[in-house]
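# Per-entry structural report
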Amino acid sequence: MPKQPKFYGLLVMIVLALAAGVLSGDISLYSIEHKVVSLFSKDDRPKKSILFIGNSYTYGGGNIPAKLQRLTRTKQNCAVAYHVDSVTKGGARLKGHWEDQRVHQALQKQPWDMVVLQGASYEAIKRAPEFNQYVKKFTHLIKELPAKPVLYVTSAYQKGSKAYKTIPNMRGNPDKMQKMVTDMYYQAGVRAQSGYVMAGPLVRAVNQNVLDKNLYLIDGSHLSGAGGWLIALSFHAYLCGNDRYPKDVKDSLPFMYHDWFDKVYPYVKKYAEYNW
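All of the points below concern the structure found in this document. Given the structure is predicted, the values throughout are model-derived calculations rather than measurements.

Let us now look at the packing of helix 8 (residues 174-192) against helix 9 (residues 199-209). The interhelical angle for the contact between helix 8 and helix 9, taken along N-to-C directions, is 160 degrees, at an axis separation of 10 Å. The pairing of helix 8 with helix 9 is recorded here as roughly antiparallel in orientation. Handedness of the crossing formed by helix 8 with helix 9: left-handed. Across the interface between the two elements, Pro174, Asp175, Gln178 and Thr182 from helix 8 touch Gly200, Pro201, Arg204 and Gln208 from helix 9.

The sheet built from five strands is open, its strands ordered 2-1-3-4-5 with parallel pairing. Sheet topology places strand 2 (81-88) and strand 5 (195-197) at the edges, where each strand pairs with a single neighbour. Strand after strand, the sheet turns through a mean of 25 degrees between neighbouring axes, direction not considered. In the sheet, strand 4 (residues 148-152) pairs with strand 5 via three bridges, with the strands oriented parallel. Bridge pairing in strand 5 links Leu151 to Tyr196. Contacting strand 1 (47-54), strand 2 and strand 3 (114-117), helix 5 (residues 101-109) crosses the sheet at an angle of about 160 degrees to strand 2.

A few words on helix 10 (residues 225-240). Residues lying three or four places apart along an α-helix face the same way, a consequence of the helix completing one turn every 3.6 residues. The first and last C-alpha atoms of helix 10 sit 22 Å apart over 16 residues, in line with the 22 Å expected at 1.5 Å per residue. Of all 16 residues in helix 10, 15 are buried, a share of seventy percent or more. Downstream of helix 10 by a residue or two, Gly241 has a phi angle that is positive, lying close to 90 degrees.

In terms of nonpolar packing, the biggest core is built from 81 residues, with Ile53, Met177, Leu230 and Trp260 touching the most fellow members. When residues of this core are assigned to their parent elements, the largest contribution, 11 residues, is made by helix 10. Those residues in contact with Leu230 that sit more than four places away from it in its chain are Leu202, Val203, Val206, Leu215, Trp260, Val264 and Val268.

Reading the values: rules and limits
Residues numbered from 1 in each chain as written. Predicted model: local features only at pLDDT ≥ 70, side-chain atom pairs only at ≥ 80, totals over all residues. Heavy atoms only, no water. Axes fitted to C-alpha atoms, helices over the stretch in contact; angles between N-to-C directions. Helix = DSSP H or I, 4+ residues; strand = E, 2+ residues; numbered from the N terminus. Parallel < 35°, antiparallel > 145°, perpendicular 65-115°, else oblique. Left-handed = near helix turned anticlockwise from the far one by under 90°. Contact = heavy atoms within 4.5 Å. Pairing = 2+ DSSP bridges. Expected span 1.5 Å × (residues − 1). Buried < 20%, exposed > 50% of the residue type's maximum accessible area, 1.4 Å probe, protein only. Core = buried A, V, L, I, M, F, W, Y, C linked by side-chain atoms within 4.5 Å.

Just geometry here; none of it tells us what the structure is for.
Here is the structure:
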């Protein structure tokens, strides 16, 4: 039997190590795919970095920053290669983020091109003065880095959610809540001269018109995996333009979302026009 080249033995060892990592849950199939693509292709795109500062509306939905990273991984999907990172704390308001030393350490860890701010779901309604104060403080700090500050406009609760008990003046009305949240983020962004991504209004529109997948978890407040992909698509349109060839973007999603993507993409393009 002929001797196998040393490279063959090394390749077998790598495959076995990766398989063990997948079975243990330490490595995802996507991360393997991403590493293999990186080994055999040269990415000569301009490089930029984004930091998300948020709570469960950022790390929920199956990890929105990671999904955005996946959507921007090839030059067919985006003209710029983005590195996406996050610092999060469940339930945190912008004030809580400001007082969290991890946030300030993350901001100073490396040069950032963009920093995305996301407050508590009810914050812009119930604590408007505080919300505006910390949008202004964060915006000033981020511009000094220097980086571009961007507000992530969050989504209203689903109709019937018990979370409406925290904001009784909304009377369980998602349209009313979404309008108020959107208006408050927009006004804060204009005053602080920051960008904003209309992710919440997009979720509301798709939730009303595309019934294939539930965008929320059982609590009616936090987003499901599909909801997370929708937010990631909203940011992808903001960063990469909504004129990317849809098939290339769709192919970055898991296969189970392909038919759903065809139905939601017109809404992604429409609401991308309201971003700034």
